[in-house]
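Below are the chains, spelled out letter by letter.
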Amino acid sequence: MDIHEYQAKELLAKFGVPIARGGLAYSPEQATYRANEIGGSVWVVKAQIHSGARGKAGGIKICRTDDEIWEAADSLLGKRLVTNQTGPQGKLVSRLYIEEGTNIAKEYYLSFIMDRGQERIVVVASSSGGMDIEEISEKQPDSILRVVVDPAVGMQGFQARELTFGLGIEPDLVNKFERTILGCYRAFRDLDATLLEINPLVVTGERSLIALDAKMSFDANALFRRPQISELRDKSQEDPRETYASDRGLSYVGLDGDIGCVVNGAGLAMATLDMIKLAGGEPANFLDIGGGASPERVQKSFRAVLKDSNVKALLVNVFAGINRCDWVAKGVVDAITELDIKLPVVVRLAGTNVEEGRKIISESGLSVINADSLRDAAEKAVAAARQSSAAA
């Protein structure tokens, strides 16, 4: 789960990470009021969306007067901001963060990442802040420093100092950098984060340290024990298909194709996507209905898949172990009937109670396309999707 910049900064501040003064605004009038509350002569108006590269897309504006703040807020609110991370559809700007201007002397990059391969937290830092990490690694690979944290002991002070010295920090700022790095680590660890990125972490002309931007993502599987994080979720920034599915306990990831998939088991779901690609088609989603799926759960899965208007055919692929093919078949029949589905539906059943499942579908009187194998199902789904598209 992702959160907004201002939310990440509020969390980091509780762990001793220095941030600039700022306030949230939902209208141009509120934006100018926030700036007057903050004081000063320069302010930054920042669009709050779940995406990086906002500055390159015009989502961050520097203002010096109330009129400039009003105009910047008016131009951003209600706009769909398109960045290289949002896709062409962009993300809607419904709130702004107004922050005091900062006298930047030097920029750094700092991030904490969960490396699942090493099963460790990896700290990445660079003296070239303000750029994307991909750009830094390409243009200045020698500037990137990495420290791996042993989960048995956590991040140690000497590791934070190692990064600080590697970045070439001046002596009067070493302690500030060390405290900031350790504070970020504690926030990452204590809140079950999967990503924490500060870019840039700046040294000001007044010799202070400020996290000028912040991005945090969290492990959705740990939200049950982090209610204070769960409350920060902004569904308006999420794919509505994925939001609908996750609210109903389904594992769903939206894709760009036109073949909707209802599959049991993550491994089989991935194999199904691969087979659709090999057959020349494009899957519209990843969806795992899980083990022991009831007919009601199968219907919910159909509803989730049909939230995508691009879907031209549906492929149900079930290899039943814990599941039962007759349960799935009943769910398929009920879903097609109750939702009045006109799209072609391809069903491949195997495993527990497969004969009962096939009988339920054959006796339903519905024009379901049966398949004997995964390859057969994928080829039939691709052909049905093409025919459906041609007819439309």
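Residues numbered from 1 in each chain as written. Predicted model: local features only at pLDDT ≥ 70, side-chain atom pairs only at ≥ 80, totals over all residues. Heavy atoms only, no water.

## A closer look at the pairing of strand β7 (residues 104-115)
Judged from the 8 bridges that link them, β7 and strand β10 (residues 193-204) form a sheet pairing that is antiparallel. The partner of tyrosine 108 across the bridge, within β10, is leucine 201. Sheet topology places β7 next to strand β8 (residues 120-126); 7 bridges connect them, and they run antiparallel. Bridge pairing in β8 links leucine 110 to alanine 125. Linking two consecutive strands that pair antiparallel, namely β7 and β8, is a turn of 4 residues; a positive phi of about 55 degrees is found at glutamate 119 within it. (Pairing = 2+ DSSP bridges. Helix = DSSP H or I, 4+ residues; strand = E, 2+ residues; numbered from the N terminus.)

## Here we look at the domain arrangement of the chain
Interface size is commonly expressed as the accessible surface area that is lost when the partners come together. We note that the domain assignment places domain 1 (1-19 + 103-237), domain 2 (21-101) and domain 3 (239-391) within the chain. Computed from C-alpha atoms alone, the centre-to-centre distance between domain 2 and domain 3 is 42 Å. (Domains from an automatic or database assignment.)

## Re the environment of lysine 312
Inspection of the secondary structure assignment puts lysine 312 in the loop between α10 (295-306) and β16 (313-320). Residues lysine 312 and leucine 163 lie 149 residues apart in sequence; the distance between their C-alpha atoms is 53 Å. Beyond its immediate sequence surroundings of up to four residues, lysine 312 is in contact with Asp258, Leu343, Pro344, Ala385, Ser388 and Ser389. (Contact = heavy atoms within 4.5 Å.)

## Here's the deal with the sheet that holds strand β1 (residues 22-25)
Strands sit in the order β1-β6-β2-β3 across an open sheet of 4 strands; the sheet is antiparallel. Of all the strands in the sheet, just β1 and β3 (60-63) have a single pairing partner and so form its edges. Sheet twist, expressed as the average angle between the axes of neighbouring strands with direction ignored, equals 20 degrees. Bridge analysis of strand β2 (residues 43-47) against strand β6 (residues 96-100) gives 5 bridges, and the strand direction is antiparallel. For valine 45, the partnering residue across the bridge sits in β6 and is isoleucine 98. (Axes fitted to C-alpha atoms, helices over the stretch in contact; angles between N-to-C directions.)

## Topic: the side chain of glutamine 299
Mapped onto the fold, glutamine 299 is located in helix α10. Other than its neighbours up to four places away in sequence, glutamine 299 contacts Gly331, Asp334, Ala335 and Glu338.

## Overview of the layout of surface pockets
Reported here for the largest pocket is a volume of approximately 960 Å³. What lines the largest pocket is a set of 43 residues, and nearest its centre among them are Arg54, Ile60, Asn199, Pro200 and Asp213. Within the residue set of the lining of the largest pocket, elements represented by two or more residues are β2, β3, β6, β7, α4 (133-139), β10 and β12 (215-218). Across the lining of the largest pocket, the residue classes tally to 18 nonpolar, 11 polar and 14 charged. Counting the residues that make up the lining of the largest pocket, at least three belong to each of domain 1 (1-19 + 103-237) and domain 2 (21-101). In terms of lining residues, the second largest pocket is bounded by 20 residues, among which Ala220, Arg233, Glu242, Ser246 and Tyr252 are the most central. Every element with two or more residues in the lining of the second largest pocket is listed here: α8 (240-246) and β13 (251-254). The leading source of residues in the lining of the second largest pocket is α8, at 4 residues. (1 Å grid on protein atoms, 1.4 Å probe; cavity = no way out; pocket = protein on both sides within 12 Å on 5 of 7 lines; lining within 4 Å. Points joined across faces, edges and corners; volume = space filled by probe spheres on them. Nonpolar A, V, L, I, M, F, W, Y, C, P; charged D, E, K, R; others polar.)

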